[in-house]
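# Residue-level structural notes
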Amino acid sequence: MKTTRILWFYLLLPLSLLNFTFTINIVTSQCLGHQQSLLLHLKNGLIFNPAKSKKLIHWNHTDDCCQWKGVACSTKGNVIALDISHEFITGGNLTSLFKLQYLQNLNLAYNEFHFGINSEFKNLKNLRYLNLSNAGFMGQIPTEISHLSKLGTLDLSTTFTSSSQHGLKLEKPNIVEFVQNFTRIKELYLDGVAVSAKGEEWCHAVSSLQGLQVLSMSSSNLSGPLDPSLTKFQSLSVLQLDHNNLSSPVPDYFGNLSGLNTLQLRSCGLSRVFPKNILQLPSLQVLDVSDNQGLHGSLTNFPNQASLSHLNLSHTNFSGPIPDSIGNLKHFSTLDLSNCQFNGTLPNSISNLAQLVYLDLSFNNLTGPLPSFNRSKALKTLYLNHNYLNGTLPSTHFEGLTNLVSINLEVNSLHGRFSSSLFSLPSLQLLFLANNRFDGQLDEFPNGFSSSLEMLDLSDNNFQGHIPMSVFQLKRLTLLLLSTNKFNGTIQLSMIQSLQNLTTLDLSHNNLSVIASAIDGNDFPFPKLNSLLLASCNLGIFPSFLRNQSTLVSLDLSSNQIEGIIPNWIWRFEFLINLNLSHNFLTNLEGPFQNLSSNLFHLDLHENQLQGPAPIFAKNINYLDYSSNRFSSITTPAGIGNFIPGAVSIFLSDNSFHGKIDESICNISSLQVLDLSHNGFVGKIPECLTSRRSSSLKLLSLAGNNLNGQISDKFSTCCALRFLDLSGNLLKGTVPKSLANCQNLQVLSVGNNQLMDEFPCFLKKISTISVLVLRSNKFYGQIGCSNVISNWERLQIVDVADNNFSGTLPTTLFQSWKALMSDEDISRFDHLSFDIYDNKISSVNFAAITTILTKTNKMNGEGGQGLSQPPSSETTNSHSSSSIDWSLLSVELGFTFGFGIFIMPLILWKRWRLWYSKKVDDVLYKIVPQLDFVYERRGGKRYRSLRWKPY
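Residues numbered from 1 in each chain as written. Predicted model: local features only at pLDDT ≥ 70, side-chain atom pairs only at ≥ 80, totals over all residues. Heavy atoms only, no water.

### Here's the deal with the overall build of the protein
Within the protein one finds twelve helices and 61 strands. A burial count over the protein gives 55% of its 951 residues as buried. Total accessible area on the protein stands at roughly 38,600 Å², and carbon and sulfur atoms take up 49% of it. (Helix = DSSP H or I, 4+ residues; strand = E, 2+ residues; numbered from the N terminus. Buried < 20%, exposed > 50% of the residue type's maximum accessible area, 1.4 Å probe, protein only. Areas by Shrake-Rupley, 256 points an atom, 1.4 Å probe, with all protein chains shown as cover.)

In structure tokens:
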């Protein structure tokens, strides 16, 4: 919604600033006969839609042509202006047009001619104004256009998107040849025309146009850098160069263009520091340098007489505070500073912006309370989400804002009671308050039936009590998200029947009991939902109304008390791509599964009691989780790898699978995550899992099986593994030397096997290793590598217990493991878990080692416990409860888990972004038994983090 509005703003902005069209004056002189005849021939030669035509359809023989719509004449009866724009013309013959030799103004814009620009335009030598924008013309712009030397305005622009192709191009003539005759030109619009010129070439060409006031060449394949010849533009008032690859700094000399009114350089690859003198230009009204990630800068103090009305710095690296002088911008209507690095408190002077219509400060580091906006009576859009704002939300802040359409304050630290009076704002359509700390009970509010509210997100707060009945009177609602609060009571889903426009409903993770049995189909049918999320809602059965929800895309009934069989009809929804039934008491899946046309992309059935063969029937599956059930085998028409070739993540852990691992799984070239741990698999590890040339596999867990033999020493040179767990098997031999090819490996666990080898010094060049588990094997020799300081600076977990290591522990080894550090300035490094007991190591000087760490890292009392003294009893093992920055591992694994592909269409929606990050953590938590969740508060917010726990 936000993006659409901004797009339309940019499309319409030039229309509001400039006079693209000409004024057609009605004169009393009569149209000359041959002029009228030419116009009628033109009409008859054009192909247009009579039902939509507003001008051509009314041209006829009986009326004076000077009185026709779109026609203006001179006092002598000659046609001097013709406007047939927006006439739905799709082709035809323009021959008669080129005989109207008195024409001074011609507008053919917004039609669909679908052919090249005719060279006969050269006959219209008196043209002062020519507008062919968005008219469907294609191909090379003919040289003859450049012969129209009297032109003051030329518009050949085309609305261009990244998915479209340039309709017009300037090659022969090139830009230099094309403009050389335009001695009278004042306005030149070439947006979307493929000019394809380098900086010096096009800059010198256009700077020769001394009288130019408007230059618009967005999306024209221009390259940089910007040339100093542009300093000649002393008459320039509008410069629009959006969406070109200028790849240069913004030149200081733009600040010397005293008449500059509009400067638009959106998405141009700009870099370095933005000159502050441009912001000081007294004439500047519009400045847009958004979507330039390499552009830095800060806001200056704005003078009292500043004319600035539109400022867009979004998606840049501007930083620093928002100055109090921003209140001086009395004409401000649009301010977009989103996705920058601004910090500090919001100045109270922002309340003085009485003309403000659009304000977006989202995704910054702003703090402090929210100022009042009740003086900004024209305000329509307010986005302050993803900051660190705190304090309460007084209802007086929004009093009288009858035009306010959208409020987004999600992901802040706002707290206290929330006034339901916001629901009464007459124009409000979107209200997002998720991920704050609002509490208390929501009050009932009047006039719910007449509310304009369409999207409501109150999720991830501390709201309590019953959900107000007024919410179910908001008849225009399309989205209702109330999850992760403390709402209680009983919700009859029949109350949703009055919300006929509803497409997304989320009541998950409250203290609600949702009852779905009393749906009455006589009064209102149940709304056609796209997403229904009822996780942890005390459901005991599958709601029967679901059978008729043919439009469902996402269904989440996880963490309920649903028992028995998963009904067959649930697999047959045509559009369903996300199904989560995990954490229930389901025992079977109802067949048959043959000839199913399921489009499921994400299927999660883990933590149930499902048993017997595990059917795999969705050919398009991307994420499959059957873990923590009682499945005994896998049934597919062909091998698993041949049936679901596009799978990215497969979780089959904690079941009763047995026999050899199906090698067809190696045929899944896109596979990134494979977890077969804690089953009864036997035989050797398929060599194709380690030798595969595809660089996709990032996580492989085969722990807790009965696999035997040696680990193949054929790890590919393009190995992409981040996580490898082979612990708890019957593996023999050595750690394969080719494992050193896995240069991004972060977790290596081969504990509880029968490996016999020395300490794996050959892995020293893998600088990313954070966890190394070798326990309960037959490793021997010294710990560490002689004459070599290891490169494992990120190593935080080391477990070599219950082996045959001997000798001393070299202090240089610990000096090189810098993740032992615990420093206030290096918060991402925590304590090292180092288990060496049940080995034959002598002369371990723990005091010396602790001293080294303390001196190097200024460790405090807690930090000094990174290594513990030996246990007093041989039967006691010490496994320090340690922490590791698993959030970093989660980020590194990132799209490893396959959610990225599934969620990409929704990734810009906060709700799904948070789901994604939580899901990544959940996967790690499930795969690594030594991980547990802890909850911390930082900056007034509550965070869930993964931490390593004792065995």
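More follows now that the structure is in view.
### A word on the packing of aromatic side chains
Within a pair of aromatic rings, the relevant descriptors are the distance that separates the centres and the angle that separates the planes. What the rule picks out here adds up to 25 aromatic pairs. Where Phe 526 meets Phe 545, the ring centres are 4.1 Å apart and the plane angle is 35°; that geometry is what we call tilted. You can see Phe 526 sitting in the loop between β34 (511-515) and β35 (531-533) and its partner Phe 545 sitting in the loop between β35 and β36 (554-556), a full 19 residues away along the chain. Taken individually, Phe 526 and Phe 545 each receive the classification buried, so the pair is uniform in this respect. (Phe/Tyr/Trp six-rings, centres within 6.5 Å; stacked < 30°, edge-to-face > 60°.)

### A few points about the state of the cysteines
Scanning the model with the defined rule gives four disulfides in all. Between the sulfur of Cys 31 and that of Cys 65 lies a disulfide, 1.7 Å long from S to S. One disulfide, between Cys 31 and Cys 65, carries an S-S torsion of 80° and so falls in the right-handed class. Within this pair, whereas Cys 31 is found in the loop between α1 (2-17) and α2 (33-45), its partner Cys 65 is found in the loop between β1 (46-48) and β2 (71-73), the two being separated by 34 residues in sequence. In this structure, Cys 31 and Cys 65 share a single accessibility class: buried. Covalent S-S linkage joins Cys 719 and Cys 742, the inter-sulfur distance amounting to 2.1 Å. Its torsion about the S-S bond being 95°, the disulfide of Cys 719 and Cys 742 is classed as right-handed. One end of the pair, Cys 719, is in the loop between β49 (706-710) and β50 (723-725); the other, Cys 742, is in the loop between β51 (730-733) and β52 (747-749), and 23 residues separate them in sequence. For the pair Cys 719 and Cys 742, a shared accessibility class is recorded, and that class is buried. (Disulfide = S-S within 2.5 Å.)

### So, the sheet that holds strand β22 (residues 365-368)
The strands that make up a sheet pair up through hydrogen bonds in the backbone, lying either parallel or antiparallel. Taken in spatial order, the eleven strands of this open sheet run β14-β16-β18-β20-β22-β24-β26-β28-β30-β32-β34, and their pairing is parallel. Because the sheet does not close on itself, it has two edges, and the strands there are β14 (271-273) and β34. If you compare each strand with its neighbour and ignore which way they point, the axes differ by 20° on average. Where strand β18 (residues 317-320) meets strand β20 (residues 341-345), two bridges bridge the pair, whose relative direction is parallel. (Pairing = 2+ DSSP bridges. Axes fitted to C-alpha atoms, helices over the stretch in contact; angles between N-to-C directions.)

### Details of the sheet that holds strand β53 (residues 754-755)
The parallel open sheet is built from five strands, whose spatial order is β45-β47-β49-β51-β53. Each edge of the open sheet carries a strand with a single partner, namely β45 (658-660) and β53.

### Thoughts on the nonpolar core
Leu 82 and Phe 254 are the most contacted members of the largest nonpolar core, which totals 240 residues. When residues are assigned to domains, this core turns out to be shared by domain 1 (249-413) and domain 2 (591-850), each giving three or more. Counting residues in hydrophobic clusters, the runner-up holds nine residues, among them Phe 651, Leu 699, Val 771 and Ile 797. (Core = buried A, V, L, I, M, F, W, Y, C linked by side-chain atoms within 4.5 Å. Domains from an automatic or database assignment.)

### Some thoughts on the pairing of strand β16 (residues 294-297)
On a regular strand, one side chain projects to one face of the sheet and the next to the other, so that they alternate. Only one face of β16 is covered, namely the one carrying Leu 295 and Gly 297; the face carrying Gly 294 and His 296 has none of its residues buried. For β14 and β16, the ladder comprises three bridges, and the chain directions are parallel. Each residue of the ladder has a partner; that of Val 273, found in β16, is His 296. Where β16 and β18 come together, two bridges link them in parallel fashion. Considered in β18, the bridge of His 296 is made with Asn 317.

### Points about the confidence of the model for the protein
Per-residue pLDDT for the protein has a mean of 83; in total, 80% of the residues score no lower than 70. When the criterion is pLDDT under 50, residues 934-943 qualifies, and its contacts beyond four places in sequence or with other chains add up to 24 contacts. Per-residue pLDDT stays below 50 along residues 945-951; that stretch engages in 44 contacts with residues further than four places along the chain or on separate chains. (pLDDT = per-residue confidence, 0-100. Contact = heavy atoms within 4.5 Å.)

### Quick notes on the pairing of strand β47 (residues 680-683)
Side chains of β47 alternate between two faces, with Phe 681 and Gly 683 buried and Gly 680 and Val 682 left unburied. Where β45 meets β47, three bridges bridge the pair, whose relative direction is parallel. Counterpart to His 658 in the pairing with β47 is Gly 680. Strand direction decides the pairing type here: β47 and β49, joined by two bridges, are parallel. Residue pairing in the sheet places Val 682 in a bridge with Asn 706 of β49.

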